[in-house]
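Each chain, letter by letter, is given below.
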Amino acid sequence: MPSTHKKVVVCKLDRDSIQGFVNPTGFVSGGKLEMLNTAGQVVTLDLADVKGVYFVRDFADPTAVATRKTFATRPRAEGLWVRMRFRDNEVMEGLMPNDLMQASPEGYLVTPPDTRSNTQRIFVPRTALLEMSVLAVIGARTAARRRAAAADARQVSMFSE
């Protein structure tokens, strides 16, 4: 198995899940998800049936793919803090990159609230969501600090040589 294939647990909207491997750069095309299951067979799933593709560290506990669904406090990492409501009315929060070039027309790549858990990232198809809202833009303070530093540079110094 090449190192470019990542371990995933695909959760479907009917509460079924499938374990397998995907190529992270091209696992979705034409509204279909292509993966290699643990038996070594290529499986193609319709994205309309998929709730999420959970990139996991280990297949040990497939039921605990995302134990914590929301952040306990404001996240420290940069990005968009989003809240997603799925078609089955489940609510989950996550962090997305604040970069439109990384946005995919098929769905969103989200970092879950608990990065120390088994789940590292989650791909959420757009068809699985009822709504998605941005709670905060994390990292905006650094841009404000840069603007303040630029303003300080224009100030006339009191003691010049």
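Above this text is the structure in question.
Residues numbered from 1 in each chain as written. Predicted model: local features only at pLDDT ≥ 70, side-chain atom pairs only at ≥ 80, totals over all residues. Heavy atoms only, no water.

Colleague: I'd love a proper account of the overall build of the protein, names of residues and values included.
Modeller: Helix and strand content of the protein: one helix and eleven strands. In sequence order, the protein lays out its α and β elements as β-β-β-β-β-β-β-β-β-β-β-α. Here the protein holds 161 residues, and the buried ones make up 36% of them. Pairs at least 24 residues apart make up 53% of the contacts formed inside the protein by residues separated by at least 6 positions. When the accessible surface of the protein is summed, it comes to about 10100 Å², and 51% of that surface belongs to carbon and sulfur atoms. (Helix = DSSP H or I, 4+ residues; strand = E, 2+ residues; numbered from the N terminus. Buried < 20%, exposed > 50% of the residue type's maximum accessible area, 1.4 Å probe, protein only. Contact = heavy atoms within 4.5 Å. Areas by Shrake-Rupley, 256 points an atom, 1.4 Å probe, with all protein chains shown as cover.)

Colleague: Got a sec to walk through a negative patch on the surface? Specific residues and values, please.
Modeller: Taken together, the side chains of Asp 14, Asp 16, Asp 46 and Asp 49 make up a negatively charged region of the molecular surface. Summarising the element assignment, Asp 14 is placed in the loop between strand 1 (6-12) and strand 2 (17-22). (Patch = residues over 30% accessible without salt bridge, like charges linked within 9 Å, V, L, I, M, F, W, Y side chains within 5 Å. Salt bridge = Lys/Arg side-chain N within 4 Å of Asp/Glu carboxyl O. Lys, Arg positive; Asp, Glu negative; His and termini not counted. Charge placed at Lys NZ, Arg CZ, Asp CG, Glu CD.)

Colleague: Give a detailed account of the nonpolar core, specifying residues and quantitative values.
Modeller: Core analysis: the largest hydrophobic core is formed by 18 residues, its most contacted members being Met 84 and Val 124. Put simply, the parts of the chain that give this core at least two residues each are strand 1, strand 6 (50-56), strand 7 (79-86), strand 8 (91-96), strand 9 (107-110) and strand 10 (119-125). The element contributing the most residues to this core is strand 7, with four residues. Counting 15 residues, the second-largest nonpolar core is a separate cluster that includes Val 22, Val 43, Val 53 and Phe 123. (Core = buried A, V, L, I, M, F, W, Y, C linked by side-chain atoms within 4.5 Å.)

Colleague: Tell me what's going on with the sheet that holds strand 8, and back it up with residues and numbers.
Modeller: Taken in spatial order, the three strands make up an open sheet running 8-7-11, and their pairing is antiparallel. The sheet is open, and its two borders are formed by strand 8 and strand 11 (129-138), each paired with just one other strand. Here the strands of the sheet are splayed against their neighbours by 25 degrees on average, with no regard to which way each runs. (Pairing = 2+ DSSP bridges. Axes fitted to C-alpha atoms, helices over the stretch in contact; angles between N-to-C directions.)

Colleague: I'd like to hear about the packing of aromatic side chains, residue by residue, with values.
Modeller: Enumeration according to the criterion identifies four aromatic pairs in this entry. For the pair Phe 27 and Phe 123, a centre-to-centre distance of 5.2 Å together with 85 degrees between the ring planes defines the contact as edge-to-face. With Phe 27 in the loop between strand 2 and strand 3 (28-29) and Phe 123 in strand 10, this residue pair connects regions lying 96 residues apart in the sequence. Seen in terms of ring centroids, Phe 71 and Trp 81 are 5.9 Å apart; in terms of plane orientation they differ by 85 degrees. Their pairing is edge-to-face. Highlighted residues: Phe 71 in the loop between strand 6 and strand 7 and Trp 81 in strand 7, separated in sequence by ten residues. Residue classification places Phe 71 among the buried residues on the basis of a relative accessible area of 13%. Trp 81 sits in the buried class, given a relative accessible area of 15%. Ring pairing ties together the aromatic residues Phe 27, Phe 55 and Phe 123, which thus form one cluster. (Phe/Tyr/Trp six-rings, centres within 6.5 Å; stacked < 30°, edge-to-face > 60°.)

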